[in-house]
Amino acid sequence: MDAAPSITPRPANPLRDWFARAFNTNVLQKSRLAWVDYLRGIAIVLVVYRHVLLGLQNSGMAIPHAYLDANIMFFSFRMPLFFILSGIFISGSLAKKSLGRIIYSKFELLLYPYLIWSVIQITIQLFASRYTNAHRTVADYLDIFYQPKNIDQFWYLPALFNSTIVYLLTKTKLKLHGWMQIILGLILYFLSQYCRKITMMSDWMEFYIFFAIGDTFSTYFFQDGFQSFLKGRLTLLCLFPIFLATQFYYLHLYNTSPGNDVNLALFLPIALFGCLTMCTLAYRLQAWNILRFLRVLGYHSLYIYVMHVIVAACVRVILTKVFHLQQPVALLFIGIVLASTIPVMIYNLFIFEKPLFFLFSLRRYPAAKQKPVTKIAPAA
């Protein structure tokens, strides 16, 4: 009999192995919903884009208007997308875990990193005030508890945590389901503008509606008919011109509204259509299997979110003060790339399963056991 072909292991490549560890590229092989990671990847890159851009602008650089306009347009759907994604999977979590376990896991996933990293960022900004755009005082530590909007990017984490907890309690204890949650979300959405003096309240109230929409429509979202619509080759092509029109309309509203305060009734449909378009884009990327590194960024979106402002500020200072680079577009794109990737490397090389685990978790997760390699013996 002919011998069965043997599997020849790939030769050792230290650089490739380091890259795989630094970016945890094994996530690309896991049985995950690729479109979810694509969506998170798109959203987190747009978040990084915003804060790198604002950092350059606040440092006194003249930014081309096209980049500033793009930042405004992306705002219309970027953060609602995160809330909708979280809502889509909340019922699945309730089916597998108790209410208490979910609340604790959300505390550990969202609120704990918020408390740790907001303190870290404020402290760095205090001691490096001559190099940063933020003008911090010790009193800013109090903002952590009632005014997270004042702590740069961090408002999202307590807003998502609060939205999740309120949603879970109203769903399980008050038995509010489906359209009742949508109605509650709309009420909170329009009341949020009256609570803006305390953003710990107004933030979750404003975005609760997107969380509720995510959960309510999750039952339809995974049905074959709607999935076929999202995956359709012509869907993105048909939606994209309308998406562009709504984004330019939002830009017009932003520039013409007093104080750039877009009417909430107009913001909601624009945001929802933007999220729908991004979903179809994520499904197309999944079907084409391209830009796979977006999936890696999406998988690590939380770690990028909490660290990217610190990294972006360091990159900007080094490039401008040490290398004397003053070209804003070059600084923008270099800043986006490094502020998106360096946090991923820091997490995988120095935090996950390492002594610094406490920066993201109350408990140290055991190191994953390496599966033994099965050798195929030649047939007799």
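Basis of the calculations
- Residues numbered from 1 in each chain as written.
- Predicted model: local features only at pLDDT ≥ 70, side-chain atom pairs only at ≥ 80, totals over all residues.
- Heavy atoms only, no water.
- Axes fitted to C-alpha atoms, helices over the stretch in contact; angles between N-to-C directions.
- Helix = DSSP H or I, 4+ residues; strand = E, 2+ residues; numbered from the N terminus.
- Parallel < 35°, antiparallel > 145°, perpendicular 65-115°, else oblique.
- Left-handed = near helix turned anticlockwise from the far one by under 90°.
- Contact = heavy atoms within 4.5 Å.
- Nonpolar A, V, L, I, M, F, W, Y, C, P; charged D, E, K, R; others polar.
- Buried < 20%, exposed > 50% of the residue type's maximum accessible area, 1.4 Å probe, protein only.
- Polar contact = N/O pair within 3.5 Å; in protein donor to acceptor, adjacent residues only side chain to side chain.
- Disulfide = S-S within 2.5 Å.

J.: Explain the packing of helix H8 (residues 156-172) against helix H10 (residues 199-216) to me, please; I cannot follow it from the model alone.
T.: Packed helix pairs are characterised by how far apart their axes lie and by the angle those axes make with each other. For the pair H8 and H10, the least separation of the axes is 8 Å and the interaxial angle reads 55°. As the angle between them shows, H8 and H10 are arranged oblique. As for how H8 packs across H10, the hand of that crossing is right-handed. Within the contact between the two elements, H8 uses Pro158, Ala159, Leu160, Asn162, Ser163, Thr164, Val166, Tyr167, Thr170 and Lys171 and H10 uses Met200, Asp203, Trp204, Phe207, Tyr208, Phe211, Ala212, Asp215 and Thr216. Across the contact of H8 with H10, the residue classes tally to 11 nonpolar, five polar and three charged.

J.: Which parts of the structure should I look at to understand unusual backbone geometry?
T.: Only a minority of non-glycine residues have a phi that is not negative, and only a minority of peptide bonds are not trans. Not every positive phi belongs to a glycine, and Lys175 is a case in point at roughly 60°. Looking at the element boundaries, Lys175 is found in the loop between H8 and helix H9 (179-191). For Lys175, a relative accessible area of 52% corresponds to the exposed category. Although it is not a glycine, Asn289 sits at a positive phi angle of roughly 55°. Relative to the helices and strands, Asn289 resides in the loop between helix H14 (264-288) and helix H15 (293-299).

J.: Would you explain the environment of Asn289 in this entry?
T.: Note on Asn289: relative accessible area 44%, which makes it partly exposed. Between the C-alpha atom of Asn289 and that of Val138, which follows or precedes it by 151 residues, the distance is 48 Å. A polar atom in the side chain of Asn289 sits 3.3 Å from the side chain of Arg292.

J.: It is not clear to me how the state of the cysteines should be interpreted in this structure. Could you clarify?
T.: Covalent bonding between the sulfur atoms of two cysteines is what defines a disulfide. Scanning all chains against the criterion turns up zero disulfides. You can see Cys238 has no disulfide; the closest cysteine sulfur is in Cys279, sitting 17 Å from it. Relative accessible area serves as the criterion here: at 51%, Cys238 is assigned to the exposed category. In this structure Cys275 is a free cysteine whose sulfur lies 7.0 Å from that of Cys279, the closest cysteine sulfur available.

J.: What is the right way to read the side chain of Asn348 from this model?
T.: Mapped onto the fold, Asn348 is located in helix H17 (residues 328-351). Assessed through its relative accessible area of 9%, Asn348 is described here as buried. Residues in contact with Asn348, not counting those within four places in the same chain, are Arg21, Ala22, Phe23, Asn24, His300 and Lys354.

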